[in-house]
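Tertiary structure, described
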Amino acid sequence: MTKPIQGFSKLTKEEKIDWIVSNYTHDAESAKIILKRYWNDDEALQNLHDEFIENTITNYYLPLGIAPNFLINGKLYAIPMAIEESSVVAAAGKAAKFWLDRGGFKTTILGTEKIGQVHFMFSGDADKLKSFINSVETKLRSEASDITKNMEKRGGGISKIELRDKTADLDNYYQLHCTFETLDAMGANFINSCLERFAKTFKQEALHFSEFDETEKNIEIVMSILSNYVPNCLVRAEVSCPIDELADNDTDANEFAKKMIQAIEIAKAEPHRAVTHNKGIMNGIDAVILATGNDFRAVEAGAHAYAAKDGKYTSLTDASIENGIFKFWIEIPLAVGTVGGLTSLHPLVKLALEILQKPSAQELMQIVAVAGLAQNFAAVRSLVTTGIQEGHMKMHLLNILNQLGANETEKATLTEHFKKNSATHSAVVEAFENLRKGI
Ligand code: MEV
């Protein structure tokens with residue numbers, strides 16, 4: 001049985017791999033080859049990647065694809081997407097092309113406010129606490145000025161520090177609920193540093209606040225951390241066109257518009273469908289978030305919280321038909337950055353941002369929201385017309401053929417074959433076996 005290991009992080013990369021091989025994979029040669037084959041020959045580049053996290057043993061590759069032809073507010077973008085799911089980039093490209101011919105995407109920033117909180121316990125007179133906060137706010141700001149001065153020079157910083165009484169939810173629980181403007185930075189480190197400084201100043205100043213009695217002076221700080229729920233860091237993206245213009249190949253425009261509205265209404269009404277509907281949106285969003293070195297866990301958590309903001313989990317997109325115009329839109333909170341973090345470190349993140357013409361954080365919010373809306377349009381359009389499997393399995397075909405060990409000629413023959421035939425898993429296996437047998 002494998003025993004716990006002490007000091008794993010202190011081992012060299014080779015020693016770590018040896019330990020993994022001898023304790024878990026037990027296939028020394030192949031495991032080493034696989035692990036080493038994914039290292040980069042450029043030592044400096046490999047070191048850079050090794051140092052992103054602790055205990056790196058190799059690199060984990062995902063494809064970086066491009067979805068071109070996105071017309072956003074009159075400007076044409078090619079959107080980089082990092083994702084493993086076969087059909088996502090193709091679907092984004094298709095939706096982009098569809099809307100390119102119908103006026104493109106229009107986007108608006110509805111807010112850029114970030115949030116952080118100092119959570120603390122106070123058992124005493126709430127009015128005295130209020131008067132303490134009023135008296136200490138200037139000091140909280142001035143004591144954090146070494147952290148905020150650069151951000152302030154650029155026009156950002158601490159917007160508001162507010163006391164929130166949460167004692168109805170939890171005995172003695174209060175917050176300093178703080179809002180920030182972090183400009184082109186995602187701002188997590190900036191916000192957390194400010195909050196930790198607030199907490200320190202706050203606790204110290206309480207000891208000298210004359211209105212407090214001895215117990216009240218002893219404010220208990222529990223934690224200081226940003227919130228990934230940022231409902232006022234919000235972007236809207238929209239497409240619209242006269243219903244007649246929705247006609248495409250053999251789709252009837254009116255029938256299609258009606259089905260799209262029904263599909264959205266179902267996602268708005270029913271959480272099981274809403275989760276899958278929103279998952280389709282996140283296919284587009286996460287892929288751009290990942291390609292641009294942003295934090296997809298933060299974006300995911302915030303997006304789903306927003307989807308449940310009215311007490312029931314619902315669709316992040318909406319659609320309407322008014323006066324013969326079909327409109328389809330998304331509103332989604334997105335805390336992203338185009339400076340700091342991985343943006344100037346990871347070569348592919350730099351490349352992705354260059355492809356996007358070095359966007360500001362606000363521009364990136366708009367591009368990401370569009371990727372989500374486009375992805376949702378493509379998915380729902382397939383669902384209400386051909387069904388999802390036709391396109392999905394066509395894109396997944398190469399994965400199945402690779403699993404079966406098909407060579408390049410076999411892949412080309414079978415790709416051609418499945419342009420006209422339905423590509424279920426069993427049909428692909430059968431066609432492959434027949435091809436090998438010469439049938
Ligand atoms: C698959 O990754 C995403 C979809 O399930 C989204 C949807 O159902 O709307 C196709």
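Residues numbered from 1 in each chain as written. Predicted model: local features only at pLDDT ≥ 70, side-chain atom pairs only at ≥ 80, totals over all residues. Heavy atoms only, no water.

Observations regarding the overall build of the protein
Heads up, the rule is: Helix and strand definitions follow DSSP, with helices as H or I runs of at least four residues and strands as E runs of at least two, each counted in order from the N terminus. Accessible area is worked out with a 1.4 Å probe on protein chains only. A residue is then buried under 20% of its type maximum, exposed over 50%, and partly exposed in between. By definition, residues are in contact when any of their heavy atoms lie within 4.5 Å. Using a 1.4 Å probe, accessible areas were evaluated by the Shrake-Rupley method; residue-level cover was limited to the displayed protein chains.
Check the secondary structure of the protein and you find 16 helices and 10 strands. Each principal axis of the C-alpha atoms in the protein carries an extent, and together these give about 90 × 70 × 40 Å. Each of the 439 residues in the protein was classed as buried or not, and the buried ones make up 44%. Put simply, 71% of the contacts in the protein that link residues at least 6 apart link residues at least 24 apart. For the protein, the accessible surface area stands at approximately 22600 Å², while carbon and sulfur atoms represent 52% of it.

Describing the site of the ligand
Just so we agree on the cut-off: Nearness is defined per residue: one heavy atom within 4 Å of the molecule or strand is enough. Polar contact is the term for a pair of N or O atoms within 3.5 Å; when the atoms are in protein, one must be able to donate a hydrogen and the other to accept it, and sequence-neighboring residues count only if both atoms are side-chain atoms. Think of it as three bins: nonpolar holds Ala, Val, Leu, Ile, Met, Phe, Trp, Tyr, Cys and Pro, charged holds Asp, Glu, Lys and Arg, and polar takes everything else, Gly as well.
What surrounds the ligand is the set E85, R273, T276, H277, K279, G280, N283, A379, L383 and I388. E85 has a polar side-chain atom sitting 2.6 Å from an oxygen atom of the ligand. In the model, an oxygen atom of the ligand is placed 2.7 Å from a nitrogen or oxygen of the K279 side chain. Looking at the shell around the ligand, the elements that each hand over two or more residues are α10 (271-291) and α13 (361-384). With 6 residues, the top contributor of residues to the shell around the ligand is α10. Here the residues of the shell around the ligand are counted per class, giving 3 nonpolar, 4 polar and 3 charged.

Let's talk about a nonpolar patch on the surface
The test is simple: Like charges within 9 Å and nonpolar side chains (Val, Leu, Ile, Met, Phe, Trp, Tyr) within 5 Å are joined into patches, using only residues over 30% in relative accessible area that form no salt bridge. A pair is scored as a salt bridge if a Lys or Arg side-chain nitrogen falls within 4 Å of a carboxyl oxygen belonging to Asp or Glu.
On the surface, I34, Y38 and Y61 cluster together into a nonpolar patch covering about 300 Å² of accessible area. As for its placement among the helices and strands, I34 is situated in helix α2 (residues 28-37). With a relative accessible area of 45%, I34 lands in the partly exposed category.

Section: helix α7 (residues 188-206)
The following threshold applies: What a helix is expected to span follows from its residue count: subtract one and scale by 1.5 Å.
A rise of 1.5 Å per residue sets the reference length of α7, with its 19 residues, at 27 Å; its end C-alpha atoms lie 27 Å apart and thus fit the reference within 8%. Turning to α7, its buried residues are F190, I191, N192, C194, L195, F198, A199, T201, F202 and A206.

Here we look at the sheet that holds strand β5 (residues 157-165)
Quick reminder of the rule: Here, any two strands with at least 2 DSSP bridges between them count as paired. Lines fitted to the C-alpha atoms define the axes, with helices restricted to the stretch that makes contact. Angles between their N-to-C directions range from 0 to 180 degrees.
Ordered in space as β5-β6-β4-β7, the 4 strands form an open sheet in which the pairing is antiparallel. The open sheet has two edge strands with one neighbour each: β5 and β7 (220-227). Neighbour-to-neighbour, the strand axes of the sheet open up by a mean angle of 20°, direction not taken into account. As judged from the 7 bridges shared by strand β4 (residues 114-121) and β7, these two strands associate in the antiparallel manner. Paired with I115 across the two strands is S227, which belongs to β7. Across the sheet, helix α5 (residues 126-143) touches β4, β5 and β6 (173-181), and the angle it forms with β5 is around 170°.

Some thoughts on unusual backbone geometry
Positive phi is not limited to glycine here, since N55 has a value of about 60°. Overall, N55 belongs to the partly exposed group, its relative accessible area being 30%.

Quick word on the sheet that holds strand β3 (residues 106-109)
Here 4 strands make up an open sheet; going across it, the order is β3-β8-β10-β9 and the pairing antiparallel. Two strands close off the open sheet at either side, each with one partner strand: β3 and β9 (317-322). Taken pair by pair, the neighbouring strands of this sheet meet at an average axis angle of 20°, ignoring direction. Here 6 bridges tie β9 to strand β10 (residues 325-333), and the two strands are oriented antiparallel to one another. Opposite E322, over in β10, you have I325 as the bridge partner. Across the sheet, helix α9 (residues 253-269) lies against β9 and β10, angled at about 140° from β9, the strand it touches most.

A few points about the domain arrangement of the protein
Which entries qualify depends on this criterion: As annotated, the domain borders come from an automatic or database domain assignment.
Split into domains, the protein comes out as domain 1 (8-50), domain 2 (65-108 + 235-385), domain 3 (114-227) and domain 4 (392-437). The C-alpha centroid of domain 2 is placed 38 Å from the C-alpha centroid of domain 1.

Here's the deal with the pairing of β4
Counted residue by residue, β4 has 7 buried out of 8 residues, so it is predominantly covered. In the sheet, β4 pairs with β6 via 8 bridges, with the strands oriented antiparallel. Bridge pairing in β6 links Q117 to H177.

With respect to the environment of E238
In this structure, E238 sits in strand β8 (residues 234-242). The buried category is assigned to E238, whose relative accessible area is 17%. A sequence separation of 135 residues divides E238 from L373, and the C-alpha atoms of the two residues are 7.7 Å apart. Setting aside anything within four residues of it in sequence, one finds E238 in contact with G104, F105, K106, K327, F328, W329 and L373. A polar contact is formed between the side chain of E238 and the side chain of R236, at a distance of 2.8 Å.

What to know about the nonpolar core
We count it as follows: Throughout this description, the term nonpolar core refers to a set of buried Ala, Val, Leu, Ile, Met, Phe, Trp, Tyr and Cys residues connected via side-chain atoms within 4.5 Å.
By size, the foremost hydrophobic cluster in this structure holds 66 residues, and its most contacted members are F70, F326, I332 and L334. Among the elements that line this core, the one with the most residues is α13, at 13 residues. The next biggest cluster of nonpolar side chains, apart from the first, holds 28 residues, and it includes V118, F120, M151 and C178.

Describing the packing of α9 against α13
Rules: By the definition adopted for this analysis, an angle is roughly parallel if under 35 degrees, roughly antiparallel if over 145, roughly perpendicular if from 65 to 115, and oblique otherwise. Left-handed describes a crossing in which the near helix is turned anticlockwise from the far one by less than a right angle; the clockwise case is right-handed.
The geometry of α9 relative to α13 is characterised by a closest axis approach of 10 Å and an angle of 110° between their N-to-C directions. By the angle class used here, α9 and α13 are roughly perpendicular. Note on packing geometry: the crossing formed by α9 with α13 is right-handed. Contact residues: F256, K259, M260, A263 and I264 in α9; N376, F377, V380, R381 and V384 in α13. In terms of residue class, the contact of α9 with α13 is built from 7 nonpolar, 1 polar and 2 charged.

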